[in-house]
Amino acid sequence: MANEGGDRPHDRRATPRQPGQRPTEGKSRAEGSFDPDATMQLKAGVDLPPDTTMQLKAGAALPPDSTMQLKAVTPPDRGAAARGEADAATPPPDATMQLRVFKPESTGRRAARKKAAPPSVLTRVTTALAPLTAKLAPYAQKAAPYARKLKPVYPRPGRAGWRRWMPSWRQWLGAVLASFGLSGAFLVIAYAATDIPDNLNSYATQQDNVYFWSDGTPMARTGWVQRQAMPLKDIPVQVRWAVLAAENESFYTDPGISVKGLSRALYRTVGKGDTQGGSTITQQYVKNVYLTQNQTVSRKFTEAMIALKLDNRMSKDKILEGYLNTSWFGRGTYGIQRASQAYYGKDVSQLNASEAAFLASLLKGAGLYDPTLNKANHHRAVERWSWILDRMVKIGKLTPAERAKYKTFPEPLKQNPLYDTGKQSDYLVELASQYAKKAAGISDQQFDLGGYQIYTTFDRKREDALTDAVTKARKQARQSHAALAKAAHYGAASVADDGRILAVYGGPDHRTQGYNESNAATVSAGSAFLPFVYAAGLEHGVHKTRGGPATPVTPESVYDGNDGVPVTTPEGPYWDRNGKKVAAHNDGKKSYGQITLGQALARSVNTPFMQLGMDTGLTQVRQTAEASGLLSSSIGSQVPALSLGNSTPSAIRMASGYATFAADGLHTEPFSVRRITRNGGTVALKTPQSQRAVGATVARQVTEALDESFRLAHPAGAPASVEVAGKAGTTSDDTASWYVGTTASVSTAVVLYRMDLSKSLEPLPLKGLDGIAAAVPYGIWSNALRPLG
């Protein structure tokens with residue numbers, strides 16, 4: 001076998017077998033390798049006593065590039081012949097050789113698969129502390145003699161009695177210094193090993209969506225958590241300093257933790273068995289967004305370590321912003337923005353220093369400082385409010401003159417105005433959320449993450465008036481027509497001439513009746529559809545011959561108003577699929593003789609408009625109705641009955657169509673949201689633009705006819721000086737009753753119908769439930785808009 005570092009080969013066959021050594025079996029091993037069980041004697045060098053020997057087993061693993069001195073030993077006397085052979089095969093006694101172990105090269109697939117293991121935490125900490133250790137080494141060497149003196153010897157010589165067993169002052173001092181050193185080392189290691197979590201806890205990111213009335217006051221909210229994040233720039237400086245004065249006035253100068261506060265909190269937790277605060281705002285923010293609310297020593301320690309790191313990585317303003325947006329203020333609210341709305345009904349940007357001081361007091365415990373809960377809370381709240389204002393003066397964030405203005409405690413609202421009623425507000429929220437997602441391009445997933453402030457077009461006063469009017473009508477119906485009223489449904493909507501939806505009545509309660517009756521395309525429009533036929537005829541004229549030029553018509557154009565007049569085409573009578581001539585009928589089968597179109601609309605005479613629709617072209621009628629605001633999906637079959645209202649528009653769309661005439665023929669798609677923000681930033685929103693539906697002259701002519709219709713039906717309904725246009729609508733099968741009218745540039749549509757939802761979706765006859773000549777829909781309309789003028 002070749003010996004790396006030896007002078008000549010060593011023949012195992014020439015070497016006498018030592019006691020306990022196995023004989024060589026089979027062939028000798030290949031050159032350059034050892035028998036795994038072969039042994040060599042290694043003689044110690046400097047560090048061990050002379051002539052001490054160790055056995056090194058060839059199969060053992062050695063560190064790469066390590067060297068050893070191998071000293072030859074005189075073999076035992078085995079006889080002359082054996083000695084002669086041994087002398088020829090072994091080095092002289094006491095000769096030394098260096099045996100170097102080389103690192104084998106990794107080859108093949110196994111080497112390719114090997115990957116460097118990531119350094120452990122201990123390795124990383126050791127590497128980080130290496131420069132510090134190198135600097136402290138000289139001082140450690142100087143301190144070593146003194147440290148040896150601290151080695152305890154018991155019983156202590158020269159002492160008697162119990163003093164023999166007491167440590168010396170040097171030992172006490174060493175123990176104290178050692179404890180400080182170990183504590184410091186532990187903190188350094190803990191700081192290096194602690195990482196800021198990547199994921200915030202769920203409550204730190206979850207927000208709700210808030211809906212506002214048209215005047216900017218809160219209307220409703222959706223979501224599990226009441227939180228609205230606001231950028232720090234939108235939070236007034238006095239509001240920020242009210243919180244800092246109450247919680248952590250040294251926030252901008254401290255390192256993120258308070259040693260005094262931590263010590264007090266740990267003492268209370270460990271020593272007294274309960275918990276107490278003492279955290280900085282940075283620590284509280286860490287607890288809010290990264291950790292749980294459990295008050296334990298381990299959680300406190302982790303909180304402090306993360307706070308230190310966070311203070312080094314994040315700006316103070318960002319930490320303060322996060323804290324103000326995640327803190328609990330009571331009344332189900334998180335964050336200063338939602339607290340401002342819940343206690344004062346306004347945005348945080350509108351708070352003064354006095355109101356901010358009260359909200360800051362809630363951070364100490366909303367259950368103890370909400371003054372609306374009980375007298376004790378009120379007393380505590382007033383005391384802390386005053387103390388916070390005084391602290392703001394002391395730290396120079398409020399002048400004495402400003403402080404003097406706030407002598408009266410700013411009483412908050414009795415209850416959260418954002419409370420969800422579950423009744424009409426839910427219908428409004430449904431409309432607004434659907435429109436917001438569509439107009440702003442917000443996906444359902446994004447919308448559900450929350451944080452949106454949705455400013456609607458809904459007018460609180462109009463909404464209340466419309467709801468009260470329908471509620472009153474419902475109550476009267478139950479009293480006078482109890483059996484019929486069980487299946488009665490009421491839908492209503494008010495739309496401005498610029499497209500804003502101002503109010504809707506969707507049903508008695510969204511939680512018991514989920515679908516919105518104001519937005520349901522359920523029943524026929526009946527004679528309430530006649531204005532669209534009138535507008536189409538005035539706009540496009542009529543055709544007396546097939547393919548011939550259009551002949552203009554005016555409000556003074558005369559048509560046959562008799563009942564049962566056959567409907568004609570340029571080629572002759574119009575035949576239905578059963579081979580019968582189609583005839584038009586008036587309400588009550590009443591005949592009016594020859595009548596102008598303007599008078600026919602004012603008196604709701606059906607037969608002229610059924611023929612006018614055929615003369616103008618049902619396609620033109622359809623296009624005019626859609627351009628004015630009705631949805632194409634609700635337009636009825638293109639047969640003569642189209643002119644008499646076989647379409648099924650919703651109350652919102654009928655009001656929108658009449659609003660087009662009030663806007664001189666310009667139609668704006670109805671919308672319910674005027675502005676959207678998210679966490680203080682504006683969200684792009686597509687606002688509908690007005691489009692020309694009919695000419696201005698035509699629109700005014702329609703409005704004049706509708707004004708006369710209102711005056712004829714309700715002579716005392718409004719003063720002569722007030723512009724009011726309205727028309728009732730009935731159906732031939734008595735399944736629906738409408739009233740649609742416009743005043744002060746706002747159109748309101750009311751529909752009443754019967755439908756037993758537990759059996760089918762087929763409309764049922766009203767049987768007088770709508771009163772005489774559709775008195776009930778008109779009563780709702782007039783009560784909702786009262787006073788007219």
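Because the structure is a prediction, the values reported are computed rather than measured.

A. Here's a closer look at the overall build of the protein. In terms of helices and strands, the protein carries 26 helices and 25 strands. In the protein, which comprises 789 residues, the proportion classed as buried is 43%. Within the protein, counting contacts between residues at least 6 apart in sequence, those at least 24 apart form 67% of the total. Carbon and sulfur atoms make up 54% of the accessible area of the protein, which totals about 42,000 Å².

B. Up close: the sheet that holds strand β7 (residues 226-227). Spatially, β7-β9-β8 is the arrangement adopted by the three strands of the open sheet, whose pairing is mixed. Lying at the two open borders of the sheet, with one neighbouring strand each, are β7 and β8 (328-330). As defined by bridge partners, β7 adjoins strand β9 (residues 333-334) across two bridges and the pair is classed as parallel. Looking at β9, one finds that Q226 is bridged to T333.

C. Structural detail: the nonpolar core. Grouped together as the largest cluster of nonpolar side chains are 77 residues, with contacts concentrated most on F529, F609 and M654. Ranked by the residues each element gives to this core, the list is headed by helix α16 (residues 424-440), at eight residues. When residues no more than four places from it in sequence are discounted, the contact partners of M654 are A525, A528, F532, P649, W738, V740 and A749. Residues L232, V286, L324 and F329 belong to the second largest nonpolar core, which totals 48 residues.

D. Spotlight on the pattern of salt bridges. Evaluation of the coordinates by the stated rule reveals 17 salt bridges. Notably, a salt bridge pairs D615 with K544, separated by 3.8 Å at the nearest N-O pair. In this pair, D615 is assigned in helix α22 (residues 606-616) and K544 in the loop between α20 (530-540) and β13 (558-560), connecting sequence segments 71 residues apart. A salt bridge links D707 to R711; the shortest N-O distance between them is 3.8 Å. Residue D707 and its partner R711 are located together in helix α25 (residues 696-713), separated by four residues, close to a single helical turn. We classify D707 as partly exposed; its relative accessible area is 25%.

E. Main features of the sheet that holds strand β12 (residues 501-505). Reading across the sheet, the five strands line up as β12-β11-β25-β24-β23 and stay open at both edges, with antiparallel pairing between neighbours. Edge positions in the open sheet fall to β12 and β23 (724-730), since each of these has one partner strand only. Taken over all neighbouring pairs, the strand axes of this sheet differ in orientation by 10° on average, direction set aside. By the bridge criterion, four bridges tie strand β11 (residues 488-496) to β12 in an arrangement that is antiparallel. Across the sheet, V495 pairs through a bridge with I501, a residue of β12. Of the strands in this sheet, β11, β12, β23, β24 (736-743) and β25 (746-754) touch helix α24 (residues 651-662), which is tilted by about 35° from β11.

F. Summary view of the packing of aromatic side chains. Applying the stated criterion across every chain yields a total of 20 aromatic pairs. Centroid distance F251 to Y252: 5.0 Å. Interplanar angle 75°. Geometry classified as edge-to-face. Ring plane angle 65° and centroid distance 5.2 Å describe the contact between W328 and Y334, whose orientation is recorded as edge-to-face. Relative accessible area serves as the criterion here: at 42%, W328 is assigned to the partly exposed category. Linked through ring pairs, Y343, Y344, F358, W385 and F409 together constitute an aromatic cluster. Positioned over the ring face of F251 is K316, at 4.7 Å from the centre of the ring. Over the ring of W241 we find K397, and its NZ or CZ is 4.3 Å from the ring centre.

G. Focus on helix α12 (residues 353-361). Extensive coverage of α12 is indicated by the burial of nine of its nine residues. Within α12 the residues assigned to the buried category are A353, S354, E355, A356, A357, F358, L359, A360 and S361. Buried residues along α12 sit against α6 (237-247), β8, α11 (336-344), α13 (366-369) and α14 (375-394).

H. Up close: the side chain of D208. Here D208 is to be found in the loop between α5 (202-205) and β5 (209-212). Within polar-contact distance, the side chain of D208 engages the side chain of R338 at 2.6 Å.

I. Highlighting unusual backbone geometry. With an omega dihedral of -5°, the bond running from R786 to P787 counts as a cis peptide bond. Inspection of the secondary structure puts P787 in the segment after α26 (775-785). Phi is positive for D734, which is not a glycine, with a value near 60°. Assignment of secondary structure puts D734 in the loop between β23 and β24. At S745, a residue that is not glycine, the phi angle is positive and equals roughly 65°. Residue placement: S745 occurs in the loop between β24 and β25.

Thresholds, definitions, all that
- Residues numbered from 1 in each chain as written.
- Predicted model: local features only at pLDDT ≥ 70, side-chain atom pairs only at ≥ 80, totals over all residues.
- Heavy atoms only, no water.
- Helix = DSSP H or I, 4+ residues; strand = E, 2+ residues; numbered from the N terminus.
- Buried < 20%, exposed > 50% of the residue type's maximum accessible area, 1.4 Å probe, protein only.
- Contact = heavy atoms within 4.5 Å.
- Areas by Shrake-Rupley, 256 points an atom, 1.4 Å probe, with all protein chains shown as cover.
- Pairing = 2+ DSSP bridges.
- Core = buried A, V, L, I, M, F, W, Y, C linked by side-chain atoms within 4.5 Å.
- Salt bridge = Lys/Arg side-chain N within 4 Å of Asp/Glu carboxyl O.
- Axes fitted to C-alpha atoms, helices over the stretch in contact; angles between N-to-C directions.
- Phe/Tyr/Trp six-rings, centres within 6.5 Å; stacked < 30°, edge-to-face > 60°.
- Lys NZ or Arg CZ within 6 Å of the ring centre and 35° of its normal.
- Polar contact = N/O pair within 3.5 Å; in protein donor to acceptor, adjacent residues only side chain to side chain.

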